[in-house]
Amino acid sequence: MTVPRINPERLLADLRFLRGIGAQGKGVVRPAFSAKDMEARRWLKQRYQEAGLEATIDGVGNVLGRSRHPGKALLVGSHSDTQPTGGWLDGALGVIYGLEVVRALTADSATRMLPVDAVSFQDEESRFVGCLGSRSLTGTLAPGVEQAAVDNSGVMLADALRDAGLAGVPRQRLARERYAGFVEAHIEQGPNLEDTGRKIGVVSSIVGLRGIRFVFRGQQNHAGTTMMDRRRDATTALYELAYRINQEFPKVAGERTVWTMGRLRVEPNATSIVPGYADLDLQFRDASEAPLDAFEKIVARLVAEINARGGVAIEATPARAPIPPTRMDAGLQEHIARAAERHAPGKWQHMPSGAFHDAGFISASLPSAMLFIPSIGGISHDFAEDSRDEDIVLGCQVLADAAASILAAANGGR
Ligand code: HGY
Ligand code: MN
Ligand code: MN
């Protein structure tokens, strides 16, 4: 079987052009529905059209490029929105790989007629709802989410949709019977490939994730005249809960279970005032549900114990729609592994994903798989996020090869 050749210069040029939309130093600030995000999506739509696809931006901002060729198609892509302080490759890599795979297969007489659709999902990074776009495409968005979801600064999703010009625009739904599957390429966002000297990760599973928001209500007061035994200090309860979580969770955690308390707010956040209010987000992840269930039980017990003492009232509520752990399709993994062995013999490995991805949601509707490339220093969700050009080029070539073999198999070897 011939292997369609990608165009490295064209691939890198488009990645760098996308990096320029919302660039801040080495990083990118292109949050979902922002002006920069929508500018990038309009540019992508045009690139999809230039590549011969029928392209649309749907009612939640998903950019979809649909092949005109008959037969079982392959969907390839990722997300082009970023974290508030995002890296230039998180999501963008897989989106531009999808565009380049379309062009590479079109340019090769042996694969020219194979249908590849390209996609950039919206709000994978959870400004409003994690993986909003892939949830919408697969029909799993909660009803009323437009009013219920607000971002960290209190903007409602419905208002963001309106301001982005998307209110009333039809939302696409995945035509499951059209596809042989979905493949998402992504930077690893961790150190494993670099540590092992490998170049390609064939993803076996994607973590599940849950979040809890704690609100602490005490009594604001003077920091000098309020004696310690009379205080109802919201942050004292917060620090105790956070400390005890870090003591208790390791007792039931699995090898790759993680938890983060990275967002908190104290009011009025002033040196000489006993805080009367605080809130804190706890997020935890694992490839199976058991540790996540155990963590929820520990949290409930700790909150009840601290509340029983009175003084500060803690309220715990789900901070986000949960993301279930998922397994990637074994057959698609095999196609990626064979392509990886061809282009990076002995330099690839099966591995779990500690980050969640749109592929996790699409996998409920289609056979799905992921391919990772190394992240320099394992850094991500930071302006310093980066990968080597040769690793970027190699990953795209492996994806193009895998896409051609998946499509050939799905379309009777043509
Ligand atoms: O947080 C995540 O796992 C993803 O990068 N948004
Ligand atoms: Mn991502
Ligand atoms: Mn991310």
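No experiment lies behind these values; they were computed from the predicted model shown.

**Considerations on the pattern of salt bridges**
Then, in step 1: Across all of its chains, the model carries 34 salt bridges by this definition.
Then, in step 2: Note that arginine 41 is salt-bridged to aspartate 81, the shortest N-O span being 3.7 Å. Taken together, the residues arginine 41 in helix H2 (residues 35–50) and aspartate 81 in the loop between strand S5 (73–79) and helix H3 (92–107) connect sequence positions 40 residues apart.
Then, in step 3: What makes arginine 41 buried here is its relative accessible area of 0%.
Then, in step 4: The buried category is assigned to aspartate 81, whose relative accessible area is 0%.
Then, in step 5: Close ionic contact of arginine 265 with glutamate 267 constitutes a salt bridge, the shortest N to O distance being 3.1 Å.

**Here we look at the packing of aromatic side chains**
Then, in step 1: Per the counting criterion, the structure on display carries nine aromatic pairs.
Then, in step 2: A centroid spacing of 6.4 Å and a plane angle of 45° characterise the contact between phenylalanine 214 and phenylalanine 216, whose relative ring orientation is tilted. You'll find phenylalanine 214 and phenylalanine 216 in the same group, each marked buried.
Then, in step 3: Here a set of aromatic residues connected by ring pairs shows up, and it is made of Phe249, Trp259, Phe284 and Phe295.
Then, in step 4: One Lys or Arg, arginine 19, reaches over the ring of tryptophan 88 and ends 4.1 Å from the middle of that ring.

**What about the site of ligand 1?**
Then, in step 1: All residues adjacent to ligand 1 are Glu124, Glu125, Gln189, Arg285, Ala355, Phe356 and His381.
Then, in step 2: One nitrogen or oxygen atom from the side chain of glutamate 124 is found 3.2 Å from a nitrogen atom belonging to ligand 1.
Then, in step 3: Arginine 285 places a polar side-chain atom, nitrogen or oxygen, 2.6 Å from an oxygen atom of ligand 1.
Then, in step 4: Expressed as a share of its isolated accessible area of 220 Å², the protein-covered part of ligand 1 is 94%.

**Remarks on the coordination of the manganese ion (ligand 3)**
Then, in step 1: The protein atoms donating to the manganese ion (ligand 3) are Asp90 (OD), Glu125 (OE), Glu125 (OE) and His381 (NE2), with metal-donor distances spanning 2.1 to 2.7 Å.
Then, in step 2: One chain supplies every donor to the manganese ion (ligand 3), and in sequence these donors are spaced D-x34-E-x255-H.
Then, in step 3: A separation of 3.5 Å is found between the manganese ion (ligand 3) and the manganese ion (ligand 2), which are bridged by aspartate 90. Placement of aspartate 90 in the loop between S5 and H3 and of histidine 381 in the loop between strand S17 (368–373) and helix H12 (389–410) is noted, with a sequence separation of 291 residues between them.

**Some remarks on the environment of serine 67**
Then, in step 1: Tracing the backbone through its elements, the reader meets serine 67 in the loop between strand S4 (63–66) and S5.
Then, in step 2: Residue class for serine 67 comes out buried when judged on its relative accessible area of 6%.
Then, in step 3: Between the alpha carbons of serine 67 and valine 102 there is a distance of 8.6 Å; along the sequence they are 35 residues apart.
Then, in step 4: Excluding its chain neighbours within four sequence positions, the residues that come into contact with serine 67 are Leu53, Pro115, Val116, Asp117 and Arg178.
Then, in step 5: Polar contacts involving the side chain of serine 67 include one to the main-chain amide nitrogen of histidine 69, which spans 3.0 Å.

About the thresholds
Residues numbered from 1 in each chain as written. Chains lettered and ligands numbered in written order. Predicted model: local features only at pLDDT ≥ 70, side-chain atom pairs only at ≥ 80, totals over all residues. Heavy atoms only, no water. Salt bridge = Lys/Arg side-chain N within 4 Å of Asp/Glu carboxyl O. Helix = DSSP H or I, 4+ residues; strand = E, 2+ residues; numbered from the N terminus. Buried < 20%, exposed > 50% of the residue type's maximum accessible area, 1.4 Å probe, protein only. Phe/Tyr/Trp six-rings, centres within 6.5 Å; stacked < 30°, edge-to-face > 60°. Lys NZ or Arg CZ within 6 Å of the ring centre and 35° of its normal. Near = heavy atom within 4 Å. Polar contact = N/O pair within 3.5 Å; in protein donor to acceptor, adjacent residues only side chain to side chain. Areas by Shrake-Rupley, 256 points an atom, 1.4 Å probe, with all protein chains shown as cover. Donors = N, O, S within 2.8 Å, 3.2 Å for Na, K, Ca; no water. Contact = heavy atoms within 4.5 Å.

Geometric values such as these leave the question of function open.
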